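Summary of structural features
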Amino acid sequence: MVFKKMLSALGVGGPSVDTVLANPNTRPGLALDGQVNLLGGDAPANIEQIAIGLVTRVEIGEQAGVMEFHRQVVSGPLQLAAKQALSIPFQLPLPWETPITAVYGQRLHGMSLGLRTELAIARAVDKGDLDEINVHPLPVQERILEAFLQLGFRFKKADLERGMIHGVQQTLPFYQEIEFFAAPQYAQTINELELTFVTNPHGVDVVLECDKRGGFLAPGHDVFGRYQVAHTDAERSDWVQVVDGWLQETIGRFGAMRAQAFGPQGYGPQGYGAQKFGHPHQRRGGVGMGGVVAGAALGAAGGMLAGHMIGNAFEGAEEEVTEAAGDFGGDFGGGDFGGFEEF
C-alpha cells in the first residue's frame, strides 16, 4: 500500500513522501513494517521531524471524530537536498488494545483504521494521506467470535467509544464494541449483544453487555458480564459451551443490577462477572506469551470454515444495519474518514 502527498509546507516544487507498508494486515500486539520514502523537491529542505501514527474514528456520545491513538517518531532533524531520494525504514508495534477491523476477510462494518505520516518542515506540520490497515483478531479472539456465530448471533456493526471501563486495565482512551443481533434461542430474552475485548500481553478481558427485553410490566435493562481468558486458551475445543455459559450467567444477572464480587483471580474461561462500570481493579495472573506470536501469523489455514460462517452471518445484515443503526461509511474517501473533524 502506497500513498503520496506533496508537502504543502513548501508549496509547489517541495519534497514528496511515499509511505510503503510491507503488509497492511496485522494483529494486536504485532508490528507494522514499512519505510518512508522521501524525494527532494526543487530546493533543499530542512525537515524537523518525521512521525507515523495510527488514527481511527471514535465516538463521544452522539458525536464522532478522528483520533490518533499511537505514534512513533521515525526521524529527527535532517536536511534533504534537491532531488535527493532517501528511504527510512520503520517498525511500528501495535498496542495490544488495537481494535479489530477485519475477520477472515470480512471488514467489520463501522470500523476504519489507518496509518498517517506526518512531516514537520519550517515550523509547519504536514499530515499525509491515510493508508488503510487491516487488524485481524488474535487466535483467542477468533475462537470467541466463532463461538458467537456458531450460537447463531449475527454481526450488526462495530464502533469505538471514548472512555474507560472501570476495573479493567486500559492503555487506550477508548474501547471497541462489536455488536450482534441476538441468536434465535436468546431472542425472547435479549435484543442485542455488545462484545468488548480489552487485550494485554497475557490475555483478554471479555466484557458482555446484553440489551435485555422488557415485558408488559417490566422495562428492559442492560446486563453486564466480564470474564478473563488467557491467550493460551485459544487451543480449547469447547468455546461454544464456554460462551454459552457466559451468556446464561450474564442474562441470569437481570434483576440483580448491583455490583457483584469477583470470582477467582487469574485468567481462565471461568472468569468472573461484574457490572461494566464501577468495579475495582482486578490483579492479573501471569501467563506466558508462548504461542501467541506463533499463533498470530496471518494465513488462510483453519480459516475457511469460519470465513464461510462469518460470511453467512454478515449476509443480509447490511440493509438491516443501515436502516436501524445508520451507515458509518466504510471507505477512506480520498484520505479521510468521512469528513469528521479531528479532536
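Predicted, not measured: the structure shown is a model, and the values here were computed from it.

1. Regarding the overall build of the chain
When you go through the chain residue by residue, the secondary structure sums to five helices and 18 strands. By residue count, 50% of the 343 residues in the chain fall in the buried class. Across the chain, every contact between residues at least 6 apart in sequence was considered, and the portion connecting residues at least 24 apart equals 66%.

2. Concerning the confidence of the model for the chain
Looking at the chain, pLDDT values average 75 and 66% of them are 70 or higher. At the low end of the mean pLDDT range in the chain sits helix 5 (residues 317–325), at 36; at the high end sits strand 8 (residues 85–93), at 97. Predicted confidence for residues 214–220 stays below pLDDT 50, and this span has five contacts to residues more than four positions away or in other chains.

3. Topic: helix 2 (residues 239–251)
Look at helix 2: 18 Å from first C-alpha to last across 13 residues, which is about the 18 Å you get at 1.5 Å a residue. Within the span of helix 2, buried status applies to Trp239, Val242, Val243, Trp246, Leu247, Thr250 and Ile251. Buried residues of helix 2, seen end-on, are gathered within an arc of 160° and therefore sit on one face of the element.

4. Remarks on unusual backbone geometry
One non-glycine residue, Lys83, adopts positive backbone phi at about 65°. When you line up the elements, Lys83 lands in the loop between strand 7 (78–80) and strand 8. Taking the relative accessible area as the measure of exposure, Lys83 reaches 56% and is therefore exposed. Phi at Tyr104 takes a positive value of approximately 50°, unusual for a residue other than glycine. Residue placement: Tyr104 occurs in the loop between strand 9 (102–103) and strand 10 (106–107). Using a relative accessible area of 22% as the deciding quantity, one classes Tyr104 as partly exposed.

5. Some points on the pattern of salt bridges
Here the structure, examined in full by the defined rule, presents 14 salt bridges. One salt bridge connects Arg71 with Glu118, and the closest N-O pair in it is separated by 2.9 Å. Here Glu118 lies in strand 11 (residues 113–121) and Arg71 lies in strand 6 (residues 63–75), a separation of 47 residues in the sequence. As a salt-bridge pair, Glu179 and Lys157 come within 3.2 Å of each other at their nearest N and O atoms. One end of the pair, Glu179, is in strand 15 (residues 174–181); the other, Lys157, is in strand 14 (residues 154–162), and 22 residues separate them in sequence. Each member of the pair, Glu179 as well as Lys157, is classed as buried. Among the ionic contacts, a cluster of salt bridges with common partners joins Lys156, Lys157, Asp159, Glu179 and Glu192.

6. Some thoughts on helix 1 (residues 139–150)
Look at helix 1: 16 Å from first C-alpha to last across twelve residues, which is about the 16 Å you get at 1.5 Å a residue. Most of helix 1 is tucked away: ten of the twelve residues are buried. Among the residues of helix 1, those classed as buried are Pro139, Val140, Gln141, Glu142, Ile144, Leu145, Glu146, Ala147, Phe148 and Leu149. A positive phi of about 105° marks Gly152, the residue just after helix 1.

7. Comments concerning the packing of aromatic side chains
Taken as a whole, this structure holds eight aromatic pairs when the rule is applied. Each ring, one from Phe148 and one from Phe180, has its centre 5.6 Å from the other, and the planes form 20°; the classification is stacked. You can see Phe148 sitting in helix 1 and its partner Phe180 sitting in strand 15, a full 32 residues away along the chain. With relative accessibility at 0%, the residue Phe148 sits in the buried group. Residue class for Phe180 comes out buried when judged on its relative accessible area of 2%. Every member of this aromatic cluster is reached through a ring pair, and the members are Phe148, Phe153, Phe155, Phe180 and Tyr186.

8. Let's talk about the pairing of strand 6
Summarising the sheet, strand 5 (residues 45–60) and strand 6 pair through eleven bridges and their orientation is antiparallel. The residue bridging Leu54 from the neighbouring strand is His70, located in strand 6.

9. A word on the environment of Glu146
Its place among the elements puts Glu146 in helix 1. Linking Glu146 and Val103, residues 43 residues apart in sequence, is a C-alpha distance of 9.9 Å.

10. A closer look at the packing of helix 1 against helix 2
Close contact between helix 1 and helix 2 brings their axes to 9 Å; oriented N to C, the two are set at 75°. Relative to helix 2, helix 1 is oriented roughly perpendicular. Touching Val140, Arg143, Ile144, Ala147, Phe148 and Gln150 of helix 1 are Trp239, Val240, Val243, Trp246 and Leu247, all from helix 2. A breakdown of the residues in the contact of helix 1 with helix 2 according to their chemical character gives nine nonpolar, one polar and one charged.

About the cut-offs
Residues numbered from 1 in each chain as written. Predicted model: local features only at pLDDT ≥ 70, side-chain atom pairs only at ≥ 80, totals over all residues. Heavy atoms only, no water. Helix = DSSP H or I, 4+ residues; strand = E, 2+ residues; numbered from the N terminus. Buried < 20%, exposed > 50% of the residue type's maximum accessible area, 1.4 Å probe, protein only. Contact = heavy atoms within 4.5 Å. pLDDT = per-residue confidence, 0-100. Expected span 1.5 Å × (residues − 1). Arc of directions from axis to C-beta. Salt bridge = Lys/Arg side-chain N within 4 Å of Asp/Glu carboxyl O. Phe/Tyr/Trp six-rings, centres within 6.5 Å; stacked < 30°, edge-to-face > 60°. Pairing = 2+ DSSP bridges. Axes fitted to C-alpha atoms, helices over the stretch in contact; angles between N-to-C directions. Parallel < 35°, antiparallel > 145°, perpendicular 65-115°, else oblique. Nonpolar A, V, L, I, M, F, W, Y, C, P; charged D, E, K, R; others polar.

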